[in-house]
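Analysis of the macromolecular model
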Amino acid sequence: MATERTLSIIKPDATNRNLTGKINAKFEDAGLRIVAQKRIKLSMEQAGKFYEVHKERPFYGELCEFMASAPVVVQVLEGDNAIAKNREVMGATNPANAEPGTIRKEFALSVGENSVHGSDAPETAAQEIAFFFSGLELVG
Ligand code: RTP
Ligand code: MG
């Protein structure tokens, strides 16, 4: 199996409710190592740039406002098949459709305020990691 890295974000609905530790425990229990992590407050401009791929979607404005509404925790997770494994631990985008035991099933408030983000492919993972972290911040 390939060791991969993926970009994860603990979103404002979760940081507001002090869920960072509980969410990190889910990642670590699944074998995902947190190799970089920082708590930051995104500006509207930064949120807009990060989610540029969704700019034509009807929820884009609401999504950017939400992501800039309170601090987020951005992190790099590493492990075997980390991209797919992280998305499995996160659960479906809409918590109503998420499997029991997943982060979104247990913690998400709605399809928008759904507690976590995870990269969806190797190319986006590399881009998203570089968006938030410099090489110096990434230890093995
Ligand atoms: P993410 O990118 O955050 O990991 O989530 P995802 O792949 O499961 O979902 P995606 O389709 O990429 O959508 C990105 C984020 O936009 C918000 N969203 N709101 N109101 C809505 O119908 C709606 N749909 C999506 C969610 O916060 C979703 O995670
Ligand atoms: Mg996505």
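Residues numbered from 1 in each chain as written. Chains lettered and ligands numbered in written order. Predicted model: local features only at pLDDT ≥ 70, side-chain atom pairs only at ≥ 80, totals over all residues. Heavy atoms only, no water.

This part takes up the site of ligand 1. Taken together, 16 residues are adjacent to ligand 1, and Lys 11, Thr 93, Gly 112, Asn 114 and Gly 118 come closest. With respect to ligand 1, the side chain of Arg 87 contributes an N or O atom lying 3.1 Å from an oxygen atom. The separation between an oxygen atom of ligand 1 and a polar side-chain atom of Arg 104 is 3.2 Å. In the complex, the protein chains occlude 81% of the 560 Å² of accessible area that ligand 1 would expose alone. Counting atoms within 2 Å of the grid points, the majority share of ligand 1 lands in the largest pocket. Those elements that place two or more of their residues in the shell around ligand 1 are helix 5 (82-90) and strand 4 (116-118). Considered class by class, the residues forming the shell around ligand 1 number six nonpolar, six polar and four charged. (Near = heavy atom within 4 Å. Polar contact = N/O pair within 3.5 Å; in protein donor to acceptor, adjacent residues only side chain to side chain. Areas by Shrake-Rupley, 256 points an atom, 1.4 Å probe, with all protein chains shown as cover. 1 Å grid on protein atoms, 1.4 Å probe; cavity = no way out; pocket = protein on both sides within 12 Å on 5 of 7 lines; lining within 4 Å. Sits in = over half its atoms within 2 Å of the grid points. Helix = DSSP H or I, 4+ residues; strand = E, 2+ residues; numbered from the N terminus. Nonpolar A, V, L, I, M, F, W, Y, C, P; charged D, E, K, R; others polar.)

Here we come to the layout of surface pockets. Put simply, the largest pocket is a space of about 790 Å³. Every residue lining the largest pocket is counted, 28 residues in all, and those nearest its centre are Tyr 51, His 54, Phe 59, Leu 63 and His 117. Elements supplying a minimum of two residues to the lining of the largest pocket: helix 3 (44-50), helix 4 (60-67), helix 5, strand 4 and helix 7 (122-132). Examining the composition of the lining of the largest pocket, we find that four residues originate from one element, helix 7, more than from any other. (Points joined across faces, edges and corners; volume = space filled by probe spheres on them.)

As a further point, take the environment of Tyr 60. Position of Tyr 60 relative to the elements: it lies in helix 4. In sequence terms Tyr 60 and Ala 47 are 13 residues apart; their C-alpha atoms lie 9.9 Å from each other. Setting aside residues no more than four positions away along its own chain, Tyr 60 makes contact with Gly 48, Tyr 51, Glu 52, His 54 and Lys 55. (Contact = heavy atoms within 4.5 Å.)

A few words now on unusual backbone geometry. You will see that Asn 18, though not glycine, has its phi angle at about 55°, which is positive. The phi dihedral of Ser 115 is positive, around 70°, even though this residue is not glycine. Looking at the element boundaries, Ser 115 is found in the loop between helix 6 (103-107) and strand 4.

Quick look at the sheet that holds strand 4 now. In space, the four strands of this open sheet follow the order 2-3-1-4, with antiparallel pairing throughout. This sheet does not close on itself; its edge strands, each paired only once, are strand 2 (33-40) and strand 4. Each strand of the sheet is rotated relative to its neighbour by a mean of 20°, with strand direction disregarded. The sheet contact formed by strand 1 (residues 3-10) and strand 3 (residues 72-80) spans eight bridges and is antiparallel. Paired with Ile 10 across the strands is Val 73, a residue of strand 3. Sheet strands touched by helix 5: strand 1, strand 3 and strand 4. Its angle to strand 1, the strand with the most contacts, is close to 35°. (Pairing = 2+ DSSP bridges. Axes fitted to C-alpha atoms, helices over the stretch in contact; angles between N-to-C directions.)

These results come straight from atomic positions and should not be treated as a statement about function.
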